[in-house]
Amino acid sequence: MQQNQETALDIRGLRTEFKVGGRWYPAVRDLSLDVAENETLAIVGESGSGKSVTALSILRLLPQAGARIGAGEVLFEGRDLTKLSEREMSSVRGNSIAMIFQEPMTSLNPTMTVGEQIAEAITIHRGASQADAMAEALRLLKEVKIPSADSRLHDYPHQFSGGMRQRVMIAMALACRPKVLLADEPTTALDVTIQAQVLMQLDELKEAYGMSVVFITHNLGVVAQIADRVAVMYAGEVVELATVDALFANPAHPYTVALLRTMPRADRATESLEPIPGSVPPVTAMPEGCAYASRCPLKQPSCEDKRPELLPFDGPGHQVRCPVRLEQTRG
Amino acid sequence: MIRYAIKRLLLAIPTLFVMLTAIFVLVRLVPGDAAAVILGDQASEASLRALRTTLGLDQPVYMQYLSFIGDVLTGDLGRSLSSGRSVGQEVLLVLPYTIELTLAAIVIGVALGLPLGIATAVRRNGWVDYAGRLISLVGLSFPAFVSGILLLIVFAIQLGWFPVLNSGSSGDPIERLRNLALPAFNLGIIMMAYVVRVTRSSMLGVLGEDYIRTARAKGVRPGRLVIRHALRNGLIPIITVVGLYFGTLIGNSVLTEIIFNRPGLGKLILGALNARDYTLLQGLMIIFAICVIAVNTLTDLAYGLVDPRVKYK
Ligand SMILES: Nc1ncnc2c1ncn2[C@@H]1O[C@H](COP(=O)(O)OP(=O)(O)OP(=O)(O)O)[C@@H](O)[C@H]1O
Ligand SMILES: [Mg+2]
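Quick caveat: nothing in here was measured; it's all calculated off a predicted structure. (Residues numbered from 1 in each chain as written. Chains lettered and ligands numbered in written order. Predicted model: local features only at pLDDT ≥ 70, side-chain atom pairs only at ≥ 80, totals over all residues. Heavy atoms only, no water.)

Participant: Please clarify how the overall build of chain B should be interpreted in this entry.
Facilitator: In terms of regular secondary structure, chain B is built from twelve helices and zero strands. Helices and strands appear in chain B in the N-to-C order α-α-α-α-α-α-α-α-α-α-α-α. With the C-alpha coordinates of chain B rotated into their principal frame, the extents come out at 80 × 55 × 35 Å. Every one of the 313 residues in chain B was classed for burial, and the buried ones make up 44%. The contacts in chain B between residues at least 6 apart in sequence include a share of 72% that link residues at least 24 apart. Here chain B has roughly 15,900 Å² of accessible surface; of this, 69% comes from carbon and sulfur atoms. Computed over 28 positive and 17 negative side-chain charges, the separation of the two mean positions in chain B equals 16 Å. (Helix = DSSP H or I, 4+ residues; strand = E, 2+ residues; numbered from the N terminus. Buried < 20%, exposed > 50% of the residue type's maximum accessible area, 1.4 Å probe, protein only. Contact = heavy atoms within 4.5 Å. Areas by Shrake-Rupley, 256 points an atom, 1.4 Å probe, with all protein chains shown as cover. Lys, Arg positive; Asp, Glu negative; His and termini not counted. Charge placed at Lys NZ, Arg CZ, Asp CG, Glu CD.)

Participant: For this particular structure, what's the right way to read the side chain of aspartate 155 of chain A?
Facilitator: Residue and element names in this part refer to chain A. Tracing the backbone through its elements, the reader meets aspartate 155 in the loop between α5 (149-152) and α6 (162-174). Looking at aspartate 155, its side chain comes within polar contact range of the side chain of arginine 152, at 2.9 Å. Other than its neighbours up to four places away in sequence, aspartate 155 contacts Thr113, Val114 and Phe160. (Polar contact = N/O pair within 3.5 Å; in protein donor to acceptor, adjacent residues only side chain to side chain.)

Participant: Help me understand the pairing of strand β6 (residues 97-100) of chain A, please; the structure alone is not making it clear to me.
Facilitator: Within a regular strand, side chains alternate between the sheet's two faces. Residues and elements named next belong to chain A. Along β6, one buried face is formed by Ile97 and Met99 and the opposite face, lined by Ala98 and Ile100, is buried too. Note: β6 against strand β7 (residues 180-184), four bridges, orientation parallel. The residue bridging isoleucine 97 from the neighbouring strand is valine 180, located in β7. (Pairing = 2+ DSSP bridges.)

Participant: Hey, could you run me through the interface of chain A and chain B in this one?
Facilitator: Many descriptions give the size of an interface as the accessible area lost when the pieces come together. Counting residues at the interface gives 32 residues for chain A, matched by 20 residues for chain B. Taking both sides of the interface into account, the surface hidden between chain A and chain B amounts to around 2,400 Å²; carbon and sulfur atoms contribute 52%. On the chain A side of the contact with chain B, Pro110, Thr111 and Glu120 of chain A bury the most area, a combined 23% of that side's loss. Across the salt bridge formed by glutamate 120 of chain A and arginine 224 of chain B, the nearest N and O atoms sit 2.6 Å from each other. Taken together, the links from chain A to chain B amount to 15 residue pairs in polar contact (both at pLDDT 80 or more). Put simply, the parts of the chain that give the side of chain A that touches chain B at least two residues each are α2 (86-92), α3 (114-126) and α6 of chain A. Counting residues per element, the side of chain A that touches chain B draws most heavily on α3 of chain A, which supplies six residues. (Buried area = accessible area lost by both parts, 1.4 Å probe. Salt bridge = Lys/Arg side-chain N within 4 Å of Asp/Glu carboxyl O.)

Participant: Would you take a moment to explain the confidence of the model for chain B for this structure?
Facilitator: Low pLDDT marks regions whose predicted coordinates should not be analysed in detail. Residue and element names in this part refer to chain B. With 96% of its residues at a pLDDT of 70 or more, chain B shows a mean pLDDT of 85. When the elements of chain B are averaged for pLDDT, helix α2 (residues 34-39) gives the smallest value, 73, and helix α9 (residues 210-217) the largest, 95. Among the scores for the predicted complex, ipTM is 0.89 and pTM is 0.84. (pLDDT = per-residue confidence, 0-100.)

Participant: Got a minute to help me understand the packing of aromatic side chains in this structure?
Facilitator: Aromatic ring pairs are defined here through the distance separating the ring centres and the angle between the ring planes. In this structure the tally under the stated criterion is seven aromatic pairs over all chains. A ring pair is formed by phenylalanine 24 of chain B and phenylalanine 68 of chain B, whose centres lie 5.4 Å apart and whose planes are at 45°; its orientation type is tilted. Here phenylalanine 68 of chain B lies in helix α4 (residues 61-73) and phenylalanine 24 of chain B lies in helix α1 (residues 2-28), a separation of 44 residues in the sequence. The pair phenylalanine 24 of chain B / phenylalanine 68 of chain B is uniform in exposure class, with both members buried. Connected via pairs of aromatic rings, a cluster forms that spans Tyr234, Tyr255 and Tyr292 of chain A. (Phe/Tyr/Trp six-rings, centres within 6.5 Å; stacked < 30°, edge-to-face > 60°.)

Participant: Please clarify how the UniProt feature "domain: ABC transporter" (unreviewed entry) in chain A should be interpreted in this entry.
Facilitator: This chain's UniProt record puts "domain: ABC transporter" (unreviewed entry) on residues 11-260 of chain A. Between the end C-alpha atoms of residues 11-260 of chain A the distance is 26 Å, and the span holds 39% helix and 28% strand. (UniProt positions renumbered as here; feature names shortened; annotations may be inferred.)

Participant: I would appreciate a short explanation of the UniProt feature "transmembrane region" (unreviewed entry) in chain B in the present structure.
Facilitator: Residue and element names in this part refer to chain B. Feature annotation in UniProt assigns "transmembrane region" (unreviewed entry) to the following positions: residues 9-30, 101-122, 134-157, 177-196, 234-260 and 280-306. With 100% helix and 0% strand, the stretch residues 101-122 has end C-alpha atoms that lie 31 Å from each other. As annotated, residues 234-260 comprises 96% helix and 0% strand, and the C-alpha atoms at either end are separated by 35 Å.

Participant: What's the story with the nonpolar core in this structure? I'm lost.
Facilitator: The tendency in soluble globular proteins is for nonpolar side chains to be buried side by side. Residue and element names in this part refer to chain A. In terms of nonpolar packing, the biggest core is built from 78 residues, with Leu33, Leu81, Ile97, Met99 and Ile118 touching the most fellow members. It is α6 that provides the largest number of residues to this core, a total of seven residues. Leucine 33 has contacts with Leu9, Asp10, Ile11, Leu41, Ile43, Ala231, Val238 and Leu241, leaving out every residue within four places of it along the chain. (Core = buried A, V, L, I, M, F, W, Y, C linked by side-chain atoms within 4.5 Å.)

Participant: So what exactly am I meant to see when it comes to the site of ligand 1 here?
Facilitator: All names here are of chain A. Near ligand 1 lie 15 residues; those nearest to it are Ser47, Gly48, Lys51, Ser52 and Val53. Glycine 48 is positioned with one of its backbone polar atoms (N or O) 2.8 Å from an oxygen atom of ligand 1. Serine 49 places a main-chain nitrogen or oxygen 3.2 Å from an oxygen atom of ligand 1. With the chains in place, 66% of the 630 Å² that ligand 1 exposes on its own is no longer accessible. Counting residues per element, the shell around ligand 1 draws most heavily on helix α1 (residues 51-59), at three residues. (Near = heavy atom within 4 Å.)

Participant: I would appreciate a short explanation of helix α8 (residues 173-207) of chain B in the present structure.
Facilitator: For an α-helix, the turn length of 3.6 residues means that residues three or four places apart are oriented alike. For α8 of chain B, spanning 35 residues, the distance from its first C-alpha to its last is only 42 Å, which falls clearly below the expected 51 Å at 1.5 Å a residue. At alanine 181 of chain B, α8 of chain B shows its strongest bend, of approximately 35°, with the proline proline 183 of chain B following within four residues. (Expected span 1.5 Å × (residues − 1). Bend = angle between axes of the 7 residues up to and from the residue.)

Participant: When you look at the packing of helix α4 (residues 130-143) of chain A against helix α7 (residues 192-209) of chain A in this model, what are you seeing that I'm missing?
Facilitator: The packing of two helices is summarised by the inter-axis angle and the distance between the axes. Residues and elements named next belong to chain A. Across the interface, α4 lies against α7 with an axial gap of 12 Å and an inter-helix angle of 130°. Relative to α7, the element α4 is oriented oblique. Between α4 and α7, the residues in contact are Arg139, Leu140 and Glu143 and Gln201, Leu205 and Tyr209, respectively. Residues of the contact of α4 with α7, tallied by class, amount to three nonpolar, one polar and two charged. (Axes fitted to C-alpha atoms, helices over the stretch in contact; angles between N-to-C directions. Parallel < 35°, antiparallel > 145°, perpendicular 65-115°, else oblique. Nonpolar A, V, L, I, M, F, W, Y, C, P; charged D, E, K, R; others polar.)

Participant: Looking at this structure, I do not really get the sheet that holds strand β4 (residues 67-76) of chain A. What am I missing?
Facilitator: Within a beta sheet, neighbouring strands are joined by backbone hydrogen bonds and run either parallel or antiparallel to one another. All names here are of chain A. Here four strands make up an open sheet; going across it, the order is β2-β1-β4-β5 and the pairing antiparallel. Two strands bound the open sheet, and with one partner strand each, they are β2 (23-36) and β5 (79-80). Pairing analysis gives eight bridges linking strand β1 (residues 7-20) to β4, with the strands arranged antiparallel. Counted as the bridge partner of aspartate 10 is leucine 75 from β4.

So this is what it looks like as structure tokens:
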């Protein structure tokens with residue numbers, strides 16, 4: 001569905017590095033992704049696979065010391081965000097690209113009322129007066145369905161539950177009607193029913209605001225619910241890229257297959273969930289060849305020699321970084 | 001906020017009673033007969049007895065305690081044994097000088113220490129950070145009397161910018177400020193050193209918080225980020241240090257007043273000690289206790305103003 005639509009955000013060859021013990025190590029490598037207008041792209045992967053680093057790289061919110069974008073471009077509205085000055089970048093942040101974070105309990109400023117925090121982006125980017133911005137903040141609180149919004153506007157974050165705080169975060173992110181919303185595991189910290197409510201709401205708001213959403217999660221159930229396309233990340237790389245339907249019907253990469261097996265499903269008993277043995281290699285000890293090789297049931301001797309490339313699989317727009325699987329389908 | 005303030009003020013009352021009782025016990029613990037200590041070995045039995053009656057020492061202890069508390073509550077701190085004036089009067093005469101000095105030191109300490117502390121945290125491991133930490137270390141390692149003498153030698157004796165002998169009591173405001181400058185600076189450097197330290201560590205903690213990243217993600221620029229988002233959250237430990245240091249400051253102001261020959265509680269204490277003026281000393285202890293309790297209460301009130309979460313605990 002995205003072929004005939006304009007690209008909203010285009011990441012090309014992104015490499016993000018951290019300095020550990022005096023040396024730079026990549027946490028995200030050779031990452032290319034694009035998000036079409038009005039599209040929801042999910043990024044999934046285990047903890048430590050580089051999902052957050054990718055999102056933070058787009059908005060350049062990585063720690064100022066010890067982190068850098070080593071290579072690549074992030075194209076947005078005809079500009080390469082990696083080349084902008086800090087000042088130009090801050091007029092993109094919260095304005096045309098906004099971000100929601102994972103931890104609703106710690107991501108809001110405890111000494112500012114939620115109204116002030118929502119209004120802030122409006123005063124910064126729109127130059128609105130405090131009164132106008134607060135009126136808009138109230139409208140947004142109502143929009144994200146905070147009960148008795150009028151009286152809650154002047155409350156502080158600690159007076160809200162986790163789910164309500166995440167709604168406040170969403171209201172904050174929507175304040176300037178961004179073109180792209182980066183949502184970094186916005187529902188992971190919430191319990192299941194609240195999670196479903198927030199997800200549904202995000203989906204509705206995405207339609208209402210006409211946004212593109214990059215939705216980061218390690219929960220494939222969530223992916224099925226809201227995404228159009230999925231990028232599976234492992235050890236800082238995209239290992240598979242597909243539409244949601246193709247990914248669930250025909251997963252190509254052994255890692256995707258393993259991830260799907262960890263997913264709780266109605267038609268299977270919970271006991272048959274299989275955690276993936278082993279763990280993501282640390283950024284300081286990336287293997288030469290395929291990063292997943294040590295955990296992979298399909299491993300061939302050649303897998304450890306050369307880093308596999310991301311190549312087209314059978315369906316349109318379906319790509320996978322696994323020579324063994326590509327070989328299998330061709331042969 | 002008002003309920004919180006009232007609660008804090010009410011909490012100060014039991015603290016005050018504990019302090020007063022402690023002072024009462026402490027003074028009674030002085031070994032031997034207080035009257036004999038005051039009047040010396042040569043005193044006649046008649047004059048000793050007379051003094052005991054004036055001091056109420058011939059009464060049973062619980063009566064002494066009740067009249068002590070009653071006197072303090074009605075603002076009667078007794079009469080100075082050496083000057084015969086009421087202790088309250090003696091203290092009120094010099095208290096403004098000490099308050100002036102202490103407040104000036106706090107203003108200097110915070111006005112210099114806060115921005116420097118913020119700068120060291122924002123430019124962590126840069127040259128500003130090293131310079132700030134060095135200044136703070138120097139400020140902390142110089143005893144007040146050493147830095148006081150150094151300031152006197154350089155700015156009063158060598159450069160002659162400020163008076164060496166300090167009357168402090170000039171009516172001319174410019175003259176008064178010149179008198180105040182060196183001793184206030186002397187105390188202010190120590191204050192500044194503490195403020196730099198605590199501001200740096202507090203701000204470093206806050207700048208790493210998730211909500212700071214959230215603010216950056218909203219497009220908040222560095223200046224507003226530090227002042228509006230970080231500083232207010234980092235203020236609690238800073239207020240605590242300023243409040244706690246206030247007690248030390250009064251102690252250091254005693255020393256500073258003596259070095260700079262300024263009128264104030266310092267000289268009053270020195271005089272009272274020399275004259276074994278036991279009612280005056282007791283009165284001074286009470287005044288200090290009240291000051292410290294007042295500052296602690298103010299500190300608690302400031303917490304409530306700064307952090308909305310405090311009020312609800
Ligand atoms: N500031 C940092 N310094 C050094 N290494 C870092 C830093 N931030 C992240 N990393 C490393 O980068 C890798 C990717 O981290 P990232 O936070 O993107 O994972 P993630 O996929 O978001 O995981 P999670 O699901 O736990 O949020 C990890 O190996 C992590 O250790
Ligand atoms: Mg993450």
